[in-house]
Amino acid sequence: MESDKIDMATKTCGEALMHLLEGYGVTTVFGIPGEHTLELYRGIEGSNVRHITPRNEQGASFMADGYARVTGQPGVCTIITGPGVTNAATGIGQAYADSIPMLVISSANDSASLGKGWGRLHETTDLCAITAPLTVFSAMVHNPSEVPELVAQAFTVFGSRRPRPVHIAIPIDVMEMPATGDWSVRTIPDKPVPGKAAIEAAVDLLSEASHPVMMVGGGAQDASDAVTELAELLNVAVISSNAGKGVVSDKNPLSLTGGVISPAVHQYLGRADVILAIGTEIAEADSFIYDLPVNGKMIRVDIDPARFNDQYPATVGVQGDAGAAAEMMIVALKDRGFDGSAKTTQADVRQIAAQQAADYTPVENQHIRVLNLMRETLPDDAIMMGDIAQLVYTGTPAMPTYLPRTWFYPAGFGTLGCALPDAIGAKIALPDRDVVAMVGDGGFMFTINELATAVEEELTIPIILWNNDAYAMIRDGMRKRNIPEIGVTPRGPDFIKLAEAFGCAGTEATNEAEFRSALKEAMARKGPTIIMVREDANWLV
Amino acid sequence: MTTCGEMLMEILESYGVDTVFGIPGVHTLELYRGLQRADMRHVTPRHEQGAGFMADGYARVTGKPGVCLIITGPGMTNITTAMGQAYGDSIPMLVISSTNSSGEAGLQEGHLHELRNQRDLVAGVSAFSQTVLRPKDLPGVLARAFAVFGGARPRPVHIEIPIDVFSQPTEGINRGVPVHASRPGPSPDAINEAADWLAGAKQPLIFLGGGTVEAAPEALALAERLGAPTALTINAKGVLPRGHALSCSSFIPYAPMRALMAKADVVLAVGTEMGETDYDMYRKGANPIGGKLIRIDIEPDQTARNYRADLAITSDAGLAMAALNTALEERGVRSDMAAGAEVAKQIRTDSEAEIGEWTVEHEPWLNAIQAAFDDPVVVGDSTQPVYTGNHIYESASPRSWFNSATGYGTLGYGLPAAIGAKIAAPDRPVVCISGDGGILFTIGELASAVEARAGIAILLWNNSGYKTISDYMIADQIAPVGCLEYTPDFLTIAKGFGCEATRVDSPEALSEALKTAHGRDIPTMIEVMG
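None of these values were measured; they are calculated from a predicted model. (Residues numbered from 1 in each chain as written. Chains lettered and ligands numbered in written order. Predicted model: local features only at pLDDT ≥ 70, side-chain atom pairs only at ≥ 80, totals over all residues. Heavy atoms only, no water.)

Undergrad: What am I meant to see in the overall build of chain A here?
TA: Per the secondary structure count, chain A includes 22 helices and 18 strands. In terms of overall dimensions, chain A is globule-like: its C-alpha atoms have a radius of gyration of 24 Å, near the 24 Å expected for 541 residues. Taken over the C-alpha atoms alone, chain A extends approximately 70 × 60 × 45 Å along its principal axes. A buried classification covers 66% of the 541 residues belonging to chain A. (Helix = DSSP H or I, 4+ residues; strand = E, 2+ residues; numbered from the N terminus. Rg over C-alpha atoms; globule rule 2.2 N^0.38 Å. Buried < 20%, exposed > 50% of the residue type's maximum accessible area, 1.4 Å probe, protein only.)

Structure (structure tokens):
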């Protein structure tokens, strides 16, 4: 990196920053240029970094989120201060809630004006305070020499601990200063490995357990092989959260597929005497209930020690990387000659699955029909980006998922409108994979403008639009509580016409065959395709 | 039983709230039960950012706070930008959100829509942000919010209510009666001193800001008594009547006005931040003021920002200007307006000459709006014709020309703010001016406008991309990156949303199209290729 050091001194801070990011492996940034970020863009020009322009900074942060979800690498946004940052806030909040690595680089007003309330263009009272609750840290740069350290700290967050967003704000005057200081790329440590004693304590519990259960979450996405092997060795049923779907393939007879929503799963969990929870918050957003019936002893494997004493306190807390923990447990169990093969787990799983299938409501069965068509048509490694939409809620337990980082439903923050821009970010990251977005008509409207971005970048993205002309989830809640239905039946636009106007294809699927062929065509077409399915369509009722 | 959510709506109604903008969520259902009882109009945007911008437009036209009902988490982060715009321009806005249940807040257990600290998020874009932990606290918190709107520098207020509190009973709670806090008047001593200075001034100069929009008669009387050339900030357009002899219009950042500022012996700045987006767009730094500066502001600290006052008067603009006028009358000041009018005319002519090169492209289109309507509401986004209009357009009345190029400087403001304006003033023509880059930020709100039967006209200035930014890049020797290569078919988009849409190729055709649009109860998009 010696040569970089020499080069940087001749560059401005903003320009050098792009080169530094390239040094950390950044290949793509999502941003809308502004008068305040011009120096960053000077840097893009001289680098190999690809720039994607969304139609609202909210799109930038969602795209970066999607990029990070499918790759595990941080998504990077380059945005202006003030409205750029507040627009991006929702996507940053989503990444925070779901532990997604994201680096937000923004401009800030002139150093001299900060905090003075002069009424500068794009001024905020305190820019970093806005993003403080959405990030691991949010830092204001005062001198270019601070930038390399802050960037290294950001990548340390992404690589070595629970990943979450970081915001670095650079005042426009600092952005233009020469890049003084040491701008070389620094070493990023690996994630910590659990201690032996904790592993032994966990294995003590597991080997004595008569009815153990495993729960896996997003923290296990990079530990699929080890976690699967551990589950097989233990011969335990695996319950995954939304974020944990695909860690253990739904082709595996131990997998209860995703979600902890169904009563059958709750019951099974309540019977467990030991629960091994790997990389999961066990959050309300997954189960829709605050208190899951947890009666057994809890082993929590997590990189974030705060999780060991949340609403499900751990009897044994194993702090460290999920994959390392699983591998160490496998070794320790084998050392003890552990054999779990006598358990009837596979039969239990089949029985729960049958119960779950019998419990689906008619509208959920409509969703499942469409989900099954998708599953049949899409390859196993297709990436499915879900919005906050009923089709996707049903998909959590019902959509078979075969590989990690292929099913996404950002349940934590619960943001309408995330699916399309997230899918764009995913497709940019992995152009050779099939990427599908699943949206409802209400949520789609939040970010429909990003169709223009998908067209501009010629991204092949089928968009499955579940149209029930309403915020159906909320409407149902109002009906249940005898509240008049206000604001939940927005007048729907002509989505097919909108698709054409944005330069993409749009079609309504009015039967199974049409859906199948529309999806196949969409997978082969350059640019996005809206495939609309009406909830009241004849083939679904 | 009346729940806390229902009581909230009843109290809002007692303060005169007739319209709320919001997207219901699982977390805010109880508010919607109250909405029916209070018989209020509910407008549903397609994104909470739209709710905030609509409330902003509603507030700018009426002076009443725009009220938003939103969910916690993403609802809050979605509306933050709109709160920033309202904060930057001192617009009253009440944002009521849910927050996670009181037993959950701050535990970071990963609850749906959880934010580590929602109030931190909005602290910088609100006058205050308050959590209501018990229903009995709510009447007092609302009273405090309306005290800000009515009695202080108006800015957004955020009230968050945990979802478990929404459904709690309110029996026995003393709601009190709505009290409308009045704004403070000026200290007599300060007025006397100011009157002495102004009475002795040979060349006084007045700046009127957005704080004077309720004080047009007082401002007119004072300007005429002093015979002082008077400059209007963008948010003060219309405070002096269109074409008034003393009006210097809004050319504040340009050389003629800067020279006058340096030359004037007493400068009176009323209800203005004297901030960058009006006074120093080109960041040349504060302009020297040769004489003395008197600042009148409702917020005392404002008189120490940007330009430090030699005499600072904390007061409502109208009360202070009326008092000054009386004091000047007592001192026998009665100026003939000829000298001031001559100066003002020179300022207008010289400024138009200075910037004519780039305003000439937009001027005929802005004139076409005035040819179509006597007193329209013109709501702008951050786009080039709006930048031009911010200097040359003269509004017939206050609260009728506003846009997001001031203060926070957002893109995507124009369309939703115009919807809010139309809902506030359904009989007035409302024209939105937006660029193709800006309108895409919030294009989903076309659906809201159709649903709300808002017959606005949208003048879409289509120059295929972020023109202002690509111009800057070229000037700074940066190859344009990210300034939008693909532009969609806006007319078909508008039709797809159920709007009328047409393209015009002359200002005359624009006038005609605007008149037709005003007669409709759905939006009309009128595209002009820039």
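Undergrad: Mind showing me how you'd approach the overall build of chain B here?
TA: Scanning chain B from terminus to terminus reveals 21 helices and 17 strands. When its C-alpha atoms are laid out on the principal axes, chain B stretches across 70 × 55 × 45 Å. Of all 530 residues assigned to chain B, the portion counted as buried reaches 66%. Surface exposure of chain B reaches about 16900 Å², of which carbon and sulfur atoms provide 49%. A gap of 3 Å separates the mean positions of the 40 positive and 61 negative side-chain charges of chain B. (Areas by Shrake-Rupley, 256 points an atom, 1.4 Å probe, with all protein chains shown as cover. Lys, Arg positive; Asp, Glu negative; His and termini not counted. Charge placed at Lys NZ, Arg CZ, Asp CG, Glu CD.)

Undergrad: In this structure, what is going on with the domain arrangement of chain A? I would like to understand it.
TA: Where the parts come together, the accessible area they lose is often given as the size of the interface. All names here are of chain A. Once the domains are mapped, chain A shows domain 1 (13-175), domain 2 (196-353) and domain 3 (360-540). If you average the C-alpha positions of domain 1 and of domain 2, the two centres end up 36 Å apart. Listed as interface residues are five residues of domain 1 and, on the opposing side, four residues of domain 2. Buried surface at the junction of domain 1 and domain 2, both sides included, amounts to about 340 Å², of which 47% is carbon and sulfur. Put simply, domain 1 and domain 2 have two salt bridges between them. Here Glu 281 makes a salt bridge to Arg 162, at a shortest N to O gap of 2.9 Å. On inspection of domain 1 and its partner domain 2, the count reaches two residue pairs in polar contact (both at pLDDT 80 or more). Residue composition of the side of domain 1 that touches domain 2, grouped by class: one nonpolar, one polar and three charged. (Domains from an automatic or database assignment. Contact = heavy atoms within 4.5 Å. Buried area = accessible area lost by both parts, 1.4 Å probe. Salt bridge = Lys/Arg side-chain N within 4 Å of Asp/Glu carboxyl O. Polar contact = N/O pair within 3.5 Å; in protein donor to acceptor, adjacent residues only side chain to side chain. Nonpolar A, V, L, I, M, F, W, Y, C, P; charged D, E, K, R; others polar.)

Undergrad: Help me out: how do you make sense of the domain arrangement of chain B in this one?
TA: Residue and element names in this part refer to chain B. Along its sequence, chain B is organised into domain 1 (4-166), domain 2 (188-351) and domain 3 (356-529). Look at where the C-alpha atoms of domain 1 and domain 2 centre, and you get two points 36 Å apart. Facing the seven residues of domain 1 at the interface are six residues of domain 2. For the domain 1 and domain 2 pair, buried surface summed over both sides reaches about 460 Å², with 36% attributable to carbon and sulfur atoms.

Undergrad: Honestly, the sheet that holds strand S5 (residues 128-131) of chain B in this entry has me stumped. Any pointers?
TA: Hydrogen bonds along the backbone pair up the strands of a sheet, which may run parallel or antiparallel. Residues and elements named next belong to chain B. With parallel pairing, the six strands of this open sheet are ordered in space as S2-S1-S3-S4-S6-S5. Every interior strand has two partners, whereas the edge strands, strand S2 (41-43) and S5, have only one. Taking each pair of neighbouring strands and ignoring which way they run, the sheet shows an average axis angle of 20°. Across seven bridges, strand S4 (residues 93-99) lies against strand S6 (residues 156-162) in parallel orientation. Counted as the bridge partner of Thr 99 is Pro 162 from S6. Of the strands in this sheet, strand S3 (66-70), S4 and S6 are in contact with helix H4 (residues 74-88), which crosses S4 at around 160°. Its contacts with the sheet put helix H6 (residues 138-151) on S4, S5 and S6, and the angle it makes with S6 is roughly 170°. (Pairing = 2+ DSSP bridges. Axes fitted to C-alpha atoms, helices over the stretch in contact; angles between N-to-C directions.)

Undergrad: Please explain the interface of chain B and chain A as it appears in this structure.
TA: Contacts between the two partners involve 83 residues from chain B and, on the opposite side, 85 residues from chain A. Summing the contributions of chain B and of chain A, the shared interface buries around 7100 Å²; its carbon and sulfur component is 58%. Looking at the side of chain B facing chain A, the largest losses of area belong to B:Glu109, B:Tyr408 and B:Tyr486, adding up to 10% of the total buried there. On inspection of chain B and its partner chain A, the count reaches three salt bridges. Scanning the region where chain B abuts chain A turns up 43 residue pairs in polar contact (both at pLDDT 80 or more).

Undergrad: Where do I start with the sheet that holds strand S12 (residues 377-380) of chain B in this structure?
TA: Residues and elements named next belong to chain B. Read across the sheet, six strands follow the order S13-S12-S14-S15-S17-S16 without closing on themselves; strand pairing throughout is parallel. Each edge of the open sheet is held by one strand with a lone partner, namely strand S13 (401-403) and strand S16 (500-503). Sheet twist, expressed as the average angle between the axes of neighbouring strands with direction ignored, equals 20°. Of the pairings in the sheet, the one linking strand S14 (residues 430-435) to strand S15 (residues 457-462) comprises five bridges and is parallel in character. Bridging across to S15, Cys 432 finds its partner in Ile 458. Its contacts with the sheet put helix H14 (residues 363-372) on S12, S13, S14, S15 and strand S17 (524-529), and the angle it makes with S14 is roughly 165°.

Undergrad: Help me understand the packing of helix H2 (residues 13-23) of chain A against helix H7 (residues 147-160) of chain A, please; the structure alone is not making it clear to me.
TA: Angle between the axes and distance between the axes: these two values describe a pair of packed helices. Residue and element names in this part refer to chain A. The N-to-C vectors of H2 and H7 enclose an angle of 30°; their axes lie 11 Å apart at closest approach. Regarding H2 and H7, the two cross each other, and that crossing is right-handed. Contact residues: H2 offers Cys 13, Leu 17, Leu 20 and Leu 21, while H7 offers Val 147, Pro 148, Val 151 and Phe 155. A class-by-class count of the residues in the contact of H2 with H7 yields eight nonpolar, no polar and no charged. (Left-handed = near helix turned anticlockwise from the far one by under 90°.)

Undergrad: Can you walk me through unusual backbone geometry in this structure?
TA: Note on backbone geometry: most residues besides glycine have negative phi, and most peptide bonds are trans. Positive phi outside glycine occurs at A:Arg405, with the angle close to 55°. Looking at where A:Arg405 falls in the secondary structure, it is placed in the loop between helix H16 (390-398) and strand S14 (407-408). A positive phi is found at B:Ser464, a non-glycine position, where the angle reads about 55°. Of note, B:Ser464 is situated in the loop between S15 and helix H19 (467-475). Its relative accessible area of 41% is what places B:Ser464 among the partly exposed residues.

Undergrad: Help me understand the environment of B:Asp278 in this model?
TA: Take B:Asp278: it is sitting in helix H11 (residues 276-279). When its relative accessible area of 14% is taken as the criterion, B:Asp278 is described as buried.

Undergrad: What is the right way to read the packing of aromatic side chains from this model?
TA: Aromatic rings in a pair are described by how distant their centres are and how their planes are angled relative to each other. All names here are of chain B. Scanning the entire structure with this criterion turns up 15 aromatic pairs over all chains. A centroid spacing of 4.1 Å and a plane angle of 5° characterise the contact between Tyr 15 and Phe 146, whose relative ring orientation is stacked. You can see Tyr 15 sitting in the loop between helix H1 (4-14) and strand S1 (19-22) and its partner Phe 146 sitting in helix H6, a full 131 residues away along the chain. The same class applies to Tyr 15 as to Phe 146, namely buried. Arranged with centres 4.3 Å apart and planes meeting at 25°, the rings of Tyr 393 and Trp 401 form a pair that is stacked. (Phe/Tyr/Trp six-rings, centres within 6.5 Å; stacked < 30°, edge-to-face > 60°.)

Undergrad: Can you help me understand a nonpolar patch on the surface in this one?
TA: Nonpolar side chains collect at one region of the surface, where B:Met281, B:Tyr282 and B:Trp358 lie side by side and expose about 270 Å² of accessible area between them. Residue placement: B:Tyr282 occurs in the loop between H11 and strand S10 (292-297). (Patch = residues over 30% accessible without salt bridge, like charges linked within 9 Å, V, L, I, M, F, W, Y side chains within 5 Å.)

Undergrad: Sorry, what's going on with the environment of B:Val528 here?
TA: Residues and elements named next belong to chain B. Of note, Val 528 is situated in strand S17. Separated by 46 residues in the primary sequence, Val 528 and Gly 482 place their C-alpha atoms 23 Å from one another. Those residues in contact with Val 528, other than ones at most four positions away along the chain, are Trp 365, Leu 459, Leu 460, Trp 461, Asn 462 and Val 504.

Undergrad: Sorry if this is basic, but what is going on with the pairing of S16(B) here?
TA: Where a strand is regular, its side chains alternate between the two sheet faces. All names here are of chain B. Where S16 meets S17, four bridges bridge the pair, whose relative direction is parallel. Note that in S17 the partner of Thr 502 across the bridge is Ile 526. This β-α-β element, S16 to helix H21 (residues 507-518) to S17, shows right-handed connectivity. (Right-handed = clockwise from strand over helix to strand, strands pointing away.)

Undergrad: Mind showing me how you'd approach the packing of helix H8 (residues 188-199) of chain B against helix H12 (residues 317-330) of chain B here?
TA: Residues and elements named next belong to chain B. In contact at an axis separation of 9 Å, H8 and H12 are set at 60° when each is read in the N-to-C sense. For the element pair H8 / H12, the angle class is oblique. Here the hand of the crossing between H8 and H12 comes out right-handed. Together, Ile 191, Ala 194, Ala 195, Leu 198 and Ala 199 of H8 and Ala 320, Ala 323, Leu 324, Ala 327 and Leu 328 of H12 make up the contact between the two elements. (Parallel < 35°, antiparallel > 145°, perpendicular 65-115°, else oblique.)

Undergrad: Any chance you could explain the pattern of salt bridges here in plain terms?
TA: In a structure, side chains of opposite charge can pair up when their charged atoms sit close to one another. Scanning the entire structure with this criterion turns up 51 salt bridges over all chains. Residue A:Arg69 is joined to A:Asp98 by a salt bridge in which the shortest nitrogen-to-oxygen separation is 3.0 Å. With A:Arg69 in helix H4 (residues 57-71) and A:Asp98 in the loop between helix H5 (83-97) and strand S4 (102-108), this pair connects stretches of sequence that are 29 residues apart. For A:Asp422, the salt bridge identified is with A:Arg69, shortest N-O distance 3.9 Å. Taken together, the residues A:Asp422 in helix H17 (residues 419-429) and A:Arg69 in helix H4 connect sequence positions 353 residues apart. Taken together, the shared-partner salt bridges connect A:Glu35, A:Asp110, A:Arg120, B:Glu276 and B:Arg283 into one network.

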